[in-house]
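# Descriptive analysis of the structure
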Amino acid sequence: MTAESVVAPEPEVLAAFEAAKGFMPLREGLALYAAAAGAAALGFPLLEVGTYCGRSTILLADAARAAGVTVLTVDHHRGSEEQQPGWEYHDPTVVDPEIGLMDTLPSFRRTLYRAGLEEHVVALVGRSPQVAAVWGGRLGLVFIDGGHTDEHANGDYEGWAPHVADGGLLVIHDVFPDPADGGQAPYRVHQRALSSGAFTEISVTDSLRVLRRTGPGI
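Values in this document were obtained by computation on a predicted structure and should not be read as measured data.

Cut-off values and rules
- Residues numbered from 1 in each chain as written.
- Predicted model: local features only at pLDDT ≥ 70, side-chain atom pairs only at ≥ 80, totals over all residues.
- Heavy atoms only, no water.
- Helix = DSSP H or I, 4+ residues; strand = E, 2+ residues; numbered from the N terminus.
- Rg over C-alpha atoms; globule rule 2.2 N^0.38 Å.
- Buried < 20%, exposed > 50% of the residue type's maximum accessible area, 1.4 Å probe, protein only.
- Contact = heavy atoms within 4.5 Å.
- Areas by Shrake-Rupley, 256 points an atom, 1.4 Å probe, with all protein chains shown as cover.
- Lys, Arg positive; Asp, Glu negative; His and termini not counted.
- Charge placed at Lys NZ, Arg CZ, Asp CG, Glu CD.
- 1 Å grid on protein atoms, 1.4 Å probe; cavity = no way out; pocket = protein on both sides within 12 Å on 5 of 7 lines; lining within 4 Å.
- Points joined across faces, edges and corners; volume = space filled by probe spheres on them.
- Nonpolar A, V, L, I, M, F, W, Y, C, P; charged D, E, K, R; others polar.
- Phe/Tyr/Trp six-rings, centres within 6.5 Å; stacked < 30°, edge-to-face > 60°.
- Lys NZ or Arg CZ within 6 Å of the ring centre and 35° of its normal.
- Core = buried A, V, L, I, M, F, W, Y, C linked by side-chain atoms within 4.5 Å.

### Details of the overall build of the chain
Helix and strand content of the chain: seven helices and seven strands. When the elements of the chain are put in sequence order from the N terminus, they spell out α-α-β-α-β-α-β-α-β-α-β-α-β-β. For the chain, the C-alpha radius of gyration of 16 Å lies close to 17 Å, the compact-globule estimate for 218 residues. Its C-alpha atoms give the chain principal-axis dimensions of about 50 × 35 × 35 Å. When burial is assessed residue by residue, the chain has 48% of its 218 residues classed as buried. A sequence separation of at least 24 residues applies to 70% of the contacts in the chain between residues at least 6 apart. Put simply, the chain shows about 10000 Å² of open surface, and 54% of that area lies on carbon and sulfur atoms. The chain carries 15 positive and 28 negative side-chain charges, and their two centres are separated by 3 Å.

Shown next, in the form of structure tokens:
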């Protein structure tokens, strides 16, 4: 338990979070908010990989608003592997009827508008490695919640973890040590971060892991 864990969003922010389309449970959302509130105090932007329809972005943006920083959220908005037709997490309501592909960007924009948080978020529409390649600044927090293949999870880590500022946070979602509970790519990235010597774990909430940069590299 850290001092940041007592920080909680206002009821209207929680209501917007719970009304938004997405997959993050409330307990993990509260842990993410606490991490974001602490990291935002460093004065650097907060970055999320994997926007979907903006459920977790609401919490990051509210924490950023309070500290006067900005949230960057990266997604191509065509859906990850498990969100495609025929898969468990597919939602036909976010398919563009004209082209037949997923497009979660309109839902995301509506989510932010309804929460009153549009001006605190910059949406970066593109693939994570391409966006990371042109990003040059430091970040107070990187939240990895994108594609769950090893290729994508490692790409997100390699692209964005180097930008976590000293004392900043790396947050990884869907970390399941037991393969029976879920895919292993986020878990393997989590283990990679710990073994690097660059990050130290500071909190565990269900499948959400929060690590602090305590050394150089990744």
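### Notes on empty space enclosed by the protein
Under the definition given, this model contains one cavity of 30 Å³ or more. If you add up the space inside the largest cavity, you get close to 50 Å³. Taken together, Ile144, Asp145, Gly146, Gly147, His148, Ala153, Asp156, Ile172, His173 and Pro186 form the lining of the largest cavity. Partitioned by chemical class, the residues of the lining of the largest cavity number four nonpolar, four polar and two charged.

### Re unusual backbone geometry
Within the chain, tyrosine 52 stands out as a residue other than glycine whose phi angle is a positive 50 degrees. For tyrosine 52, the location among the structural elements is in the loop between strand S1 (46–49) and helix H3 (55–67). Under the relative-accessibility criterion, tyrosine 52 is labelled buried at 11%. For aspartate 206, which is not a glycine, the phi torsion comes out positive at approximately 55 degrees. Topologically, aspartate 206 is positioned in the loop between strand S6 (199–205) and strand S7 (208–213).

### Brief notes about the packing of aromatic side chains
Scanning all chains against the criterion turns up one aromatic pair. For arginine 55, the ring lying beneath its charged end belongs to phenylalanine 17, and the centroid distance is 4.1 Å.

### A short note on the nonpolar core
Within the largest apolar cluster, 31 residues are counted, with the highest numbers of intra-cluster contacts made by Leu46, Leu141, Phe143, Val171 and Leu208. Among the elements of the structure, helix H1 (11–19), helix H2 (26–40), H3, helix H4 (105–115), strand S4 (139–144), strand S5 (164–172) and S7 are those that each provide at least two residues to this core. Among the elements that line this core, the one with the most residues is H2, at seven residues. Once residues lying within four places of it in the same chain are set aside, the contact partners of leucine 141 are Ala35, Ala36, Ala39, Pro45, Leu46, Leu47, Leu60, Leu169 and Val171. Judged by nonpolar contacts, the second largest core, of 23 residues, contains Tyr157, Ile172, Phe199 and Leu211.

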